[in-house]
Amino acid sequence: MNELALFNDLFDGFGDDGFLMPSFNYKKVFAPKVDVKEEKDEYTMEMDLPGKTEKDINIEFKNNVLTISSESKSEKDEKKEEKAEAKEAPKYLIKERTYSKFSRSFTLPDDVDAENITAKVENGVLHIDMPRKAIAAARKIAITAA
């Protein structure tokens, strides 16, 4: 196999816009896809995170913003790197699975009950339930004469 063939996608789009600068390939940026549903009593969010467990995912809620992030390094690669230090380091042609990191933030509606947000990971899908608070109904205010 020609090792240079492995780098073909690096130059995809090179000069497409008439300039001799490579264009940024947005397909290479990892941003997990999300589905958000609004129901009568709650909002639900599902995010595809294949290979991630609850230990790999961080969820924070602050000032009505829900932030989901993850940063992980393959344990197998860490062990290989330790062994490689003792002997000659391996020659990687492509190494895409070593490290991953992302962060996505969502501004939630005011009626989300922040104290009761729950999350679980099952089969590579993060599922977040965000119950709605009961919003006080409008009330009539009596006007008195002065």
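Scoring rules and cut-offs
Residues numbered from 1 in each chain as written. Predicted model: local features only at pLDDT ≥ 70, side-chain atom pairs only at ≥ 80, totals over all residues. Heavy atoms only, no water. Helix = DSSP H or I, 4+ residues; strand = E, 2+ residues; numbered from the N terminus. Buried < 20%, exposed > 50% of the residue type's maximum accessible area, 1.4 Å probe, protein only. Contact = heavy atoms within 4.5 Å. Areas by Shrake-Rupley, 256 points an atom, 1.4 Å probe, with all protein chains shown as cover. Salt bridge = Lys/Arg side-chain N within 4 Å of Asp/Glu carboxyl O. Core = buried A, V, L, I, M, F, W, Y, C linked by side-chain atoms within 4.5 Å. pLDDT = per-residue confidence, 0-100. Pairing = 2+ DSSP bridges. Axes fitted to C-alpha atoms, helices over the stretch in contact; angles between N-to-C directions.

Undergrad: Would you mind going over the overall build of the protein chain in detail, with residue names and values included?
TA: The helix and strand inventory of the protein chain stands at one helix and seven strands. Walking the protein chain from its N terminus toward its C terminus, one meets helices and strands in the order β-β-β-β-α-β-β-β. Counting all 146 residues of the protein chain, 19% fall into the buried class. Sequence-distant contacts, at least 24 apart, represent 56% of the contacts inside the protein chain between residues at least 6 apart. Accessible surface, the protein chain: about 12200 Å² in total, of which carbon and sulfur atoms supply 52%.

Undergrad: Requested: an account of the pattern of salt bridges, with residues and values cited.
TA: Counted by the stated rule, this structure contains three salt bridges. Between arginine 132 and glutamate 38 there is a salt bridge, with its nearest N and O atoms 2.8 Å apart. Of this pair, arginine 132 sits in the segment after strand S7 (125-131) while glutamate 38 sits in strand S1 (residues 34-38), and the two are 94 residues apart along the sequence. Note that glutamate 122 and lysine 120 form a salt bridge whose closest N and O atoms lie 4.0 Å from each other. You can call glutamate 122 partly exposed: its relative accessible area is 47%. Taking the relative accessible area as the measure of exposure, lysine 120 reaches 47% and is therefore partly exposed.

Undergrad: I'd like a description of the nonpolar core, backed by residues and values.
TA: Among the nonpolar cores identified, the biggest contains 14 residues, and Met45, Met47, Leu66, Ile68, Leu126, Ile128 and Met130 are the most heavily contacted of them. Contributing elements (two or more residues each) for this core: strand S2 (42-48), strand S4 (65-73), strand S5 (99-107) and S7. Excluding its chain neighbours within four sequence positions, the residues that come into contact with leucine 66 are Met45, Ile59, Glu60, Phe61, Arg104, Ser105, Phe106, Leu108, Ile128 and Met130.

Undergrad: Lay out the confidence of the model for the protein chain in plain terms, naming residues and giving numbers.
TA: Chain-level statistics for the protein chain give a pLDDT mean of 77 and a share of 67% at 70 or above. S7 holds the highest mean pLDDT among the elements of the protein chain, 96, whereas helix H1 (residues 75-86) holds the lowest, 54. Here residues 23-28 is modelled with pLDDT under 50, and outside its nearest four sequence neighbours on either side it reaches four contacts, counting other chains as well.

Undergrad: Quick one: what's the story with the sheet that holds strand S6 (residues 118-122), residue by residue and with numbers?
TA: Within a sheet, each strand pairs with its neighbour through backbone hydrogen bonds, oriented either parallel or antiparallel. In space, the four strands of this open sheet follow the order S1-S2-S7-S6, with antiparallel pairing throughout. Strands at the two margins of the open sheet, each flanked by one partner only, are S1 and S6. Adjacent strand axes in the sheet meet at a mean angle of 15°, parallel and antiparallel pairs treated alike.

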